[in-house]
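# Analysis of the macromolecular model
Chain by chain, the residues run as shown.
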Amino acid sequence: MRRITLDGLVDYARELLAACEANADAFPGKSRVELPGLAIDVSSDHGELATALAHGMASSTAAEPAAAARIYLAHPGIGSIPQPALWGEALFHPNMFSERLEANGLRGHYFHDLSYWQFYDVEKRLGVQLMLSADGCPPWEFGAPLRCFLHWEYAARGMRLTHAGTLGKGDKGVLLAGAGGAGKSGTVASGLLAGLDSVGDDYVLIEFDGDRSLARPLFTTLKQDQSGFDRLGLARLLPDPGPLNWQGKYQFRVQDLCPRGVASELDIVALLVPQISGAAQSSITPLARKDALMALAPSGIAQMPGERESGFRFFGELTRRLPCYTLALGTRGNEIAETIAAFLDRGNL
C-alpha cells in the first residue's frame, strides 16, 4: 500500500486532482449545487452521500460565480481512480499538513480511520474527495456534505463557515453559539415551530458587508436527540423520522418544521450563548466578549481544517462587531422563542 509523507504530500494532491480530471467522464452522477455566490459542479457515484447532496443543501438562485467550482467525490472503481494511500509517518501534525499544502496554493484534510483524503486547489477551484467506497466518508459528512470544500472556498473570499445556529424575525437575526449540548439545536427548532426564521442550525456562512454581519444558509439539516424530539412534540410533524444518526440524534430538515424553508439571509445583530438553566422563564443578560469568543471560535476552528489564523481573526472581529449575551433557556420551547422575538423587536441591543 502506498504511503504518503509531508515531502510527497503536494505531489500526491496534484496527482489525485489530475486523475479525477482524466476520469471525469467515468463518474456515474453529475449534479450542480448552487449556494450563496457559489456554484459547484459535483461528480460522484450513487449512494447515501449523493442523496445528502441532493436534499441537505440550501439551494440558492442568487449564485453568480465567475466560474463554478468542481468537486469529485471519487473512489476506486470509477475509471482508473486509485486506491487511497496511507499516511506514512509515525506522527500526523495537522498544522504542518495544512501549512505544507497552503504554501503551494492547496488545502487538504486526511482522516486516518477511513484512509479518506480531501484536497482543494483554491486557484483552479478544483477539489477531490477520495474514499474507499461511494459512502466511505466519516459519518458527520452526511449532515454537512462538502463542508471542508465550502470552508476553503469561502475563506479565500474573506467569509467564514461558522459553527452556530440562527434565528430571526424579519431581516434581523441572532447567532447562537456554544458547545454541543448547550441547547442550540433545540432553540432553533423551537423558534421555527413558533414562526421565526433561520438560515441554519449547525453551520452557516457569515460575511461582513460594511458594518453588517450577514448570515446565509448552506445546509438545511436539523438534529434532535430523543428527549428533544419528544419535548418539542415533533412526532406530529415527523411520525417516521428514520434511524438515529451517529450522534444518537434524529436528522431531518428545516422544511419539515417550517414549510417556507430556510431564509435567504439574516442581518445578525447579536450573539447569544445558550445555557440550560432549568428556570421557568428564559432571560438574556450581557456577556463579556472574551467569553463569547470562547463559546464561538474553538469548535469553528477545530472542525474546519486549515485557515486557523484567519479563523481566529474573523471570529475576533465578529465578537467585536456584535453585542454578546448569555441566553438562559427556560423549560418551554414557545417561551424561549417568544423571548428571542421580543429581544429582536426591542432593537436596543
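Preceding this paragraph is the structure being described.
All of the points below concern the structure found in this document. (Residues numbered from 1 in each chain as written. Predicted model: local features only at pLDDT ≥ 70, side-chain atom pairs only at ≥ 80, totals over all residues. Heavy atoms only, no water.)

### Structural notes on the overall build of the protein chain
Within the protein chain, the regular secondary structure consists of ten helices and 18 strands. The C-alpha atoms of the protein chain give a radius of gyration of 20 Å, which matches the 20 Å a tight globule of 349 residues would have. Projected onto its principal axes, the C-alpha coordinates of the protein chain cover approximately 60 × 45 × 40 Å. A fraction of 73% describes how many contacts in the protein chain between residues 6 or more apart in sequence connect residues 24 or more apart. Counting every atom, the protein chain has about 14,800 Å² of accessible surface; 50% of that belongs to carbon and sulfur. Considering the protein chain, the positive charge centre built from 32 side chains and the negative charge centre built from 39 side chains are found 4 Å apart. (Helix = DSSP H or I, 4+ residues; strand = E, 2+ residues; numbered from the N terminus. Rg over C-alpha atoms; globule rule 2.2 N^0.38 Å. Contact = heavy atoms within 4.5 Å. Areas by Shrake-Rupley, 256 points an atom, 1.4 Å probe, with all protein chains shown as cover. Lys, Arg positive; Asp, Glu negative; His and termini not counted. Charge placed at Lys NZ, Arg CZ, Asp CG, Glu CD.)

### Some remarks on the side chain of D201
For D201, the location among the structural elements is in the loop between α5 (184-193) and β12 (203-209). Notably, D201 is buried but unbridged: the nearest opposite-charge side chain belongs to K223, and the N-O separation is 6.8 Å. A polar atom in the side chain of D201 sits 3.1 Å from the side chain of S185. Once residues lying within four places of it in the same chain are set aside, the contact partners of D201 are A164, G165, K184, S185, V188, T221, L222 and K223. (Buried < 20%, exposed > 50% of the residue type's maximum accessible area, 1.4 Å probe, protein only. Salt bridge = Lys/Arg side-chain N within 4 Å of Asp/Glu carboxyl O. Polar contact = N/O pair within 3.5 Å; in protein donor to acceptor, adjacent residues only side chain to side chain.)

### Examining the pairing of strand β10 (residues 165-169)
Most of β10 is tucked away: four of the five residues are buried. In terms of strand pairing, β10 meets strand β11 (residues 172-176) through five bridges, oriented antiparallel. Each residue of the ladder has a partner; that of K169, found in β11, is K172. Linking β10 to β11, which pair antiparallel, is a turn of two residues; within it G170 sits at a positive phi near 65°. (Pairing = 2+ DSSP bridges.)

### What about the packing of α5 against helix α10 (residues 333-346)?
Viewed as axis vectors pointing N to C, α5 and α10 meet at an angle of 80°, and their least axial separation amounts to 8 Å. With respect to α10, the element α5 is oriented roughly perpendicular. For the pair α5 and α10, the contacting residues are T187, S190 and G191 in the first and G333, I336, A337 and I340 in the second. Residue composition of the contact of α5 with α10, grouped by class: three nonpolar, four polar and no charged. (Axes fitted to C-alpha atoms, helices over the stretch in contact; angles between N-to-C directions. Parallel < 35°, antiparallel > 145°, perpendicular 65-115°, else oblique. Nonpolar A, V, L, I, M, F, W, Y, C, P; charged D, E, K, R; others polar.)

### Details of the pairing of strand β3 (residues 38-44)
By the criterion of burial, β3 is predominantly enclosed, with six of the seven residues buried. Here seven bridges tie strand β2 (residues 29-35) to β3, and the two strands are oriented antiparallel to one another. For K30, the partnering residue across the bridge sits in β3 and is S43. Counting the residues between successive antiparallel strands, the hairpin from β2 to β3 contains two residues, one of them, G37, with a positive phi of roughly 65°. Where β3 lies against strand β4 (residues 69-74), four bridges are found, and the strand directions are parallel. Paired with S43 across the strands is Y72, a residue of β4.

### Things to note about the environment of D230
If you trace the backbone, D230 turns up in helix α6 (residues 226-231). When the C-alpha positions of D230 and A182 are compared, they lie 17 Å apart, and in sequence the two are 48 residues distant.

### Thoughts on the sheet that holds strand β8 (residues 126-130)
The six strands are arranged β2-β3-β4-β8-β7-β6 in an open sheet whose pairing can be described as mixed. Of all strands in the sheet, those with a lone pairing partner are β2 and β6 (106-111), marking the two edges. When the angles between neighbouring strand axes are averaged without regard to direction, this sheet yields 15°. Against the sheet, helix α3 (residues 94-102) touches β6 and β7 (116-121), its axis set at about 150° to β6.

### Describing the packing of helix α1 (residues 6-22) against α3
Across the interface, α1 lies against α3 with an axial gap of 10 Å and an inter-helix angle of 50°. Classified by the interaxial angle, the pair formed by α1 and α3 is oblique. Seen along the crossing, α1 lies across α3 with a hand that is right-handed. Contacts from L6, D7, L9, V10 and A13 in α1 reach M96, F97, R100 and L101 in α3. Here the contact of α1 with α3 is composed, by residue class, of seven nonpolar, no polar and two charged. (Left-handed = near helix turned anticlockwise from the far one by under 90°.)

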